[in-house]
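Chain by chain, the residues run as shown.
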Amino acid sequence: MSNEQQTIHEFDLNIIHDFFSNTERQGPGSSEETLKALSFIEGLTGKSKIADIGCGTGGQTMVLAQNTSCEIIGIDACPDFINQFNKNTQTRNFQSRLKGIIGDMKNLPFQDKELDLIWSEGAIYNIGFERGLKEWRRFLKPGGYIAITENTWFTEERPAEIEQFWQKAYPEIDTIPNKVHQMQKAGYLPVATFKVPDTCWTDYYATMEEVQKPFLKKYKGNRTAEQFIEYQQYETALYNKYNSYYGYMFYVGKKL
Ligand code: SAH
């Protein structure tokens with residue numbers, strides 16, 4: 001199978017997890033963008049509860065902990081990430097109000113109206129944008145917020161090569177007005193929409209490049225590992241060529 005035809009979902013998950021345990025973030029993003037999104041959220045107190053869904057090793061969760069006094073639960077399906085998350089929590093002395101748990105975003109362990117804020121950077125695509133927005137809504141208190149990043153088309157039309165790549169990797173990729181509409185339709189007032197800068201992607205791909213070498217050494221001769229890296233390199237090359245057509249948008253909404 002050629003790189004063009006293979007998606008990340010087809011690679012062995014253990015290899016992917018091993019790869020990403022070594023990076024601070026597992027998707028494009030930065031502290032600055034996390035803080036910018038947080039600035040649109042009103043009314044958080046020491047009694048508020050936040051869930052960070054698909055938290056990974058907690059790059060953005062640590063920023064939320066540093067800049068609020070809330071209780072925060074990070075949830076991720078990958079035990080290695082949660083392990084690293086809880087180590088990061090201890091190093092920063094946040095363990096009294098920050099906890100990482102293993103869980104499935106398709107079956108979250110919360111009560112209805114338990115949360116003041118749902119956070120999810122670079123992860124909602126695993127359940128799908130519309131389904132995630134709909135299913136997670138009941139866990140929010142009335143007036144609670146949701147803040148998510150999502151891969152989005154910036155233009156109405158795209159060159160065929162990039163259109164086909166993302167249609168296969170993430171068929172729910174859509175334009176900004178359509179995403180905002182979906183958010184409103186799911187029962188949220190769109191509060192803020194802003195673009196995550198290109199530098200978040202180039203930094204993310206640069207970090208990956210650094211990890212690729214030792215990773216390939218460790219998995220020398222493992223075709224799955226090699227293909228995983230080849231796929232990443234192809235995705236990076238496409239990003240460099242077509243970044244004016246797509247990227248992450250931050251969407252902040254308020255439960256209606
Ligand atoms: N928010 C982090 C990680 C993004 S990568 C960051 O921006 O750095 C996407 C994350 O979603 C991964 O950590 C992956 O393990 C997690 N994930 C994938 N499917 C999941 C599921 N069904 N339930 C919970 N987490 C999931």
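Each remark here, short or long, concerns the structure printed above.
Procedures and definitions
Residues numbered from 1 in each chain as written. Predicted model: local features only at pLDDT ≥ 70, side-chain atom pairs only at ≥ 80, totals over all residues. Heavy atoms only, no water. Patch = residues over 30% accessible without salt bridge, like charges linked within 9 Å, V, L, I, M, F, W, Y side chains within 5 Å. Areas by Shrake-Rupley, 256 points an atom, 1.4 Å probe, with all protein chains shown as cover. Salt bridge = Lys/Arg side-chain N within 4 Å of Asp/Glu carboxyl O. Helix = DSSP H or I, 4+ residues; strand = E, 2+ residues; numbered from the N terminus. Buried < 20%, exposed > 50% of the residue type's maximum accessible area, 1.4 Å probe, protein only. Axes fitted to C-alpha atoms, helices over the stretch in contact; angles between N-to-C directions. Parallel < 35°, antiparallel > 145°, perpendicular 65-115°, else oblique. Left-handed = near helix turned anticlockwise from the far one by under 90°. Contact = heavy atoms within 4.5 Å. Nonpolar A, V, L, I, M, F, W, Y, C, P; charged D, E, K, R; others polar.

### A look at a nonpolar patch on the surface
Together, Phe40, Leu189, Val191 and Leu256 make up a nonpolar patch on the protein surface, roughly 330 Å² of accessible area in all. For Val191, the location among the structural elements is in strand β7 (residues 188-195).

### Here we look at the pattern of salt bridges
Once their charged atoms are close, side chains differing in charge can pair, the charge on each being opposite to the other. By the definition in use, this model includes eleven salt bridges. In this structure, the salt-bridge partner of Glu114 is Lys49, at a minimum N-O distance of 2.4 Å. Here Glu114 is found in the loop between β3 (98-102) and β4 (115-120), whereas its partner Lys49 is found in strand β1 (residues 49-53), with 65 residues between them in sequence. By relative accessible area, Glu114 is classed as buried at 19%. Taking the shortest distance from any N to any O, the salt bridge between Glu226 and Arg223 comes out at 3.1 Å. Taken together, the residues span about one helical turn, with Glu226 and Arg223 both in helix α9 (residues 223-242) at a distance of three residues. Relative accessible area serves as the criterion here: at 26%, Glu226 is assigned to the partly exposed category. Through salt bridges with shared partners, a single network forms among Arg223, Glu226 and Glu230.

### Notes on the packing of helix α2 (residues 31-38) against helix α3 (residues 59-67)
The contact between α2 and α3 brings their axes to 10 Å, and the two run at 50°. Classed by the angle they form, the pair α2 and α3 counts as oblique. Handedness of the crossing formed by α2 with α3: right-handed. Here Ser31, Thr34, Leu35 and Leu38 of α2 come into contact with α3, specifically with Gln60, Val63, Leu64 and Asn67. Here the contact of α2 with α3 is composed, by residue class, of four nonpolar, four polar and no charged.

### A closer look at α3
It helps to recall that an α-helix has 3.6 residues per turn; residues three or four apart then point in one direction. In terms of burial, α3 is a largely internal element, seven of the nine residues being buried. Residues of α3 that are buried: Gly59, Gln60, Thr61, Met62, Val63, Leu64 and Ala65. Buried residues along α3 sit in contact with α2, β1, β2 (71-76), α4 (79-91), β3 and β4.

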